[in-house]
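Listed here are the chains, written in short residue letters.
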Amino acid sequence: MAKSQFYLFLLFLIPNLSSAQSDFKMLNSNNINSFIGNTGTLFYNTYTFSQGYEVPKGTGLHCLFGARLMFAGKNAQGNLFMASGDYNDGLQDFFPGPVSTPGAFNTTQYQADWGNSIWSVCHSDIQQFILWWGCENGTITSGCGSATPPSGEVMQAIISWPAHGNTSMGQAQYLAPFVDYNSDGVYNPNDGDYPCIKGSCAIYLIHNDNAGNHTQTPTPPIGIEVHTMVYQYKTNTFLDNLTFFDVMAINRSTTNYPQFVQSVVVDGDIGNALDDRMWSDSASSTLLFYNGDAIDDTVGGTSMGYGFTPPAISIVGLDRPFTSIIPNMWNTFSDADRWNVLNGLLPDGSSLVNQNGAPTAFFGSGYPIDNPGTPGDRSAYASNTRVGFNSGDTVRQSYAVVYQRSNDNISSAFAAAGLSTSVQQFYDQIAQFPCNAPFMSDETASNPTISLNVYPNPSNGIFHVSAHQLDITSLSVFNVMGQRIFQQKTFPMNSTYSIDIQNQVRGMYLMEIQTTTGTVRQKIFLE
């Protein structure tokens, strides 16, 4: 037995090591200290019932109250199904862990495996594991003098990574993304496998809305399983003031939803929550919060203000543009009212209007950022409507939380809004692909003279690859979780090749083609 395997074997003997999870984690790898809980709400401190997004970290100053995930759909009969994150107020729609058979949720085994479904790991820890495991197993020979076993805490994070569900309990076989070193389809760190994450550090959560009765939105469960990865980059650039989060919802039910909405309900408190303004922009898919005056005062000693030069914070929809941003200005309203808001309308079904009196689905549309609206406590639904969410389908959206602080409240607002394009470009080029490699960009080539034609793109699952005068040695297709779902290694010269991935879910994939002169990667889309 290799020494690395013996070390991992000993760790597996530690009681509860593989399932020891807390119900919250702190993500603070850059300038931000963010509280991540496991109830479908991000950036909210569920222990102090207060703001949980501290920027700069260590100052006690916060600029978000929280961000709740929300989903809603109507079936073919027009019945409404909803699920929402909560602020630990005794009302709950989401429950820790993956969707399972109905009788499994309250079993001792399920609670031991998934009672607190939140995991965290950093890129540096994974790199240490890769070096150590490779040196111990002879796959790495350079730099082994500095290779040391990861700490018990790091090994716990790697071993307990929720790569697989218990299929005997009705759970999906594949859950959290991982790098499968030996391509055997089974997550096993003894074989060199490790978590697949984004950023410098990441937190991964798994929820479902099927394990109990809904009390936050008292509708029947949708039957969804929600995977969320929250991550930060430490780069000494503008990225140090950002937090990203990717949300993936899988329809594990047998119900088709012809109408479906995915949303995040953001409560932006810039220090003192009572003097903020809000603005949105459909073109850049941006929701912006900023201070309503030049000084952010402290109120009653409980809500610390930023004082002079208050910052601004924005939320950018990355994977696809928001279809609506509607203010959350009603204390009580029905689920039918909420459905209207999620679909870009006011609760009564009427439309917002812009400064020209025309209907709009974006609050503040057409107004300048520094419009003279009345400051107050501001919150909004940033939503994406979907056409069809059928049984087995997956929907995704990625978000960036952008913090900026400039000379005054208005300059901060313009600075935060002005970063949306740069953030989108970064996401398109790097952040949308996990593991940091091979997904460094959507189209890269070690030899720029490689000429490749992939068509049709998008496709219904049959793609044709034309690469004349190239000797292709391997063609692989990866899903957005970094898993290889197709590979072929034998090709005749000077031909057009066809691949079939019709059995995969709709969405984006990455095709990687290795030739004798280099490698080329290209995004492909399955409709």
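Per chain, residues are indexed from 1 in the order of the written sequence. Residues qualify for local features only when their pLDDT is at least 70, as the model is predicted, and side-chain atom pairs are given and counted only at 80 or more; totals for whole chains, interfaces and linings, by contrast, use all residues. Only hydrogens and water are removed before side-chain values are computed, so all heavy atoms of the structure are retained for them.

Peer 1: Just checking my understanding: could you explain the overall build of the chain for this structure?
Peer 2: Broken down by element type, the chain carries 7 helices and 33 strands. A burial count over the chain gives 54% of its 527 residues as buried. Taking as baseline every contact in the chain between residues at least 6 positions apart, the subset at least 24 positions apart corresponds to 67%. Of the accessible surface of the chain, which amounts to about 21,000 Å², a share of 51% is contributed by carbon and sulfur atoms. A run of H or I in DSSP becomes a helix once it reaches four residues, and a run of E becomes a strand once it reaches two; helices and strands are each numbered from the N terminus. Think of it in three bands: with a 1.4 Å probe and only protein chains considered, a residue is buried below 20% of the maximum accessible area for its type, exposed above 50%, and partly exposed in between. Residues are treated as being in contact if the distance between any of their heavy atoms lies within 4.5 Å. To be clear on the numbers: accessible area is Shrake-Rupley with a 1.4 Å probe, and residue cover counts the displayed protein chains and nothing else.

Peer 1: Any chance you could explain the pairing of strand S8 (residues 80-84) here in plain terms?
Peer 2: The side chains of a regular strand alternate between the sheet's two faces. Most of S8 is tucked away, with 5 of its 5 residues classed as buried. Of the two faces of S8, the one holding Leu 80, Met 82 and Ser 84 and the one holding Phe 81 and Ala 83 are both buried throughout. Alignment of strand S7 (residues 66-74) against S8, held across 5 bridges, turns out to be antiparallel. Bridged to Ala 72 within S8 is Met 82. Taken together, S7 and the strand that follows it, S8, pair antiparallel across an intervening segment of 5 residues, in which Gly 78 is found at a positive phi of about 85°. Here, strands pair whenever DSSP counts at least two bridges between them.

Peer 1: Before we go on, may I ask you to explain the sheet that holds strand S31 (residues 496-500) in this structure?
Peer 2: For sheets, the rule is that strands pair by backbone hydrogen bonds, running either parallel or antiparallel. Taking strand neighbours across the sheet as the criterion, the 3 strands line up as S27-S28-S31 in an open arrangement whose pairing is antiparallel. The sheet is open, and its two edges are formed by strand S27 (453-455) and S31, each paired on a single side. Recorded for the sheet is a direction-independent mean angle of 20° between the axes of neighbouring strands. In this sheet, strand S28 (residues 462-466) lies alongside S27 in antiparallel orientation, the contact comprising 3 bridges. Orientation is described by axes fitted as lines to C-alpha atoms, over the contacting stretch for helices, and by angles from 0 to 180 degrees between their N-to-C directions.

Peer 1: Teacher, can you tell me more about the state of the cysteines here?
Peer 2: Put plainly, a disulfide is one covalent bond tying together the sulfur atoms of two cysteines. Any two cysteine sulfur atoms lying within 2.5 Å of each other are counted as a disulfide. With the rule as written, the count across this model stands at 2 disulfides. Each sulfur of the disulfide joining Cys 122 and Cys 201 lies 2.0 Å from the other. Here the disulfide of Cys 122 and Cys 201 is right-handed, its torsion about the S-S bond being about 100°. In this pair, Cys 122 sits in strand S10 (residues 118-122) while Cys 201 sits in strand S13 (residues 201-208), placing the two residues 79 residues apart along the sequence.

Peer 1: Even after reading the chapter, I still don't get the nonpolar core, so can you show me in this structure?
Peer 2: Generally speaking, a soluble globular protein has its nonpolar side chains buried in company with each other. As used in this record, nonpolar core signifies buried Ala, Val, Leu, Ile, Met, Phe, Trp, Tyr and Cys residues forming a set joined through side-chain atoms within 4.5 Å. Ranked by size, the top nonpolar core spans 49 residues in total, and within it Ile 36, Phe 43, Tyr 53, Phe 71 and Phe 245 carry the most contacts. The residues touching Phe 71, leaving out its near neighbours within four places in the chain, are Phe 81, Met 82, Ala 83, Phe 94, Ile 222, Ile 224, Val 226, Val 247, Ala 249, Phe 260, Val 261 and Gln 262. Membership of the second largest hydrophobic core comes to 42 residues, among which are Val 121, Ala 157, Ile 206 and Val 402.

Peer 1: Please clarify how the pattern of salt bridges should be interpreted in this entry.
Peer 2: A pair can form between side chains of opposite charge whenever their charged atoms are brought close. Only one rule defines a salt bridge in this text: a Lys or Arg side-chain nitrogen within 4 Å of an Asp or Glu carboxyl oxygen. One pass over the structure, following the stated rule, counts 4 salt bridges. Residues Lys 198 and Asp 246 are paired through a salt bridge, measuring 2.5 Å at the closest nitrogen-oxygen approach. Linking Lys 198 in the loop between strand S12 (194-195) and S13 with Asp 246 in strand S15 (residues 242-251), this pair joins segments that are 48 residues apart in sequence. Judged by its relative accessible area of 5%, Lys 198 is buried. Among the ionic pairs, Asp 240 bridges to Lys 234, the shortest N-O distance being 3.5 Å. Residue classification places Asp 240 among the buried residues on the basis of a relative accessible area of 4%.

Peer 1: Would you explain the side chain of Asp 193 in this entry?
Peer 2: Considering the arrangement of structural elements, one finds Asp 193 in the loop between strand S11 (178-179) and S12. There is a polar contact of 2.7 Å between the side chain of Asp 193 and the backbone nitrogen of Tyr 181. Counted as a polar contact is a pair of N or O atoms within 3.5 Å, where, for protein atoms, one must be capable of donating a hydrogen and the other of accepting one, and residues adjacent in sequence contribute only when both atoms are in side chains. Of note is the side chain of Asp 193, whose polar atom sits 2.9 Å from the backbone nitrogen of Asn 188. With sequence-adjacent residues up to four places away left out, Asp 193 is seen in contact with Phe 129, Ile 158, Val 179, Asp 180, Tyr 181, Asn 182, Val 186, Tyr 187 and Asn 188.

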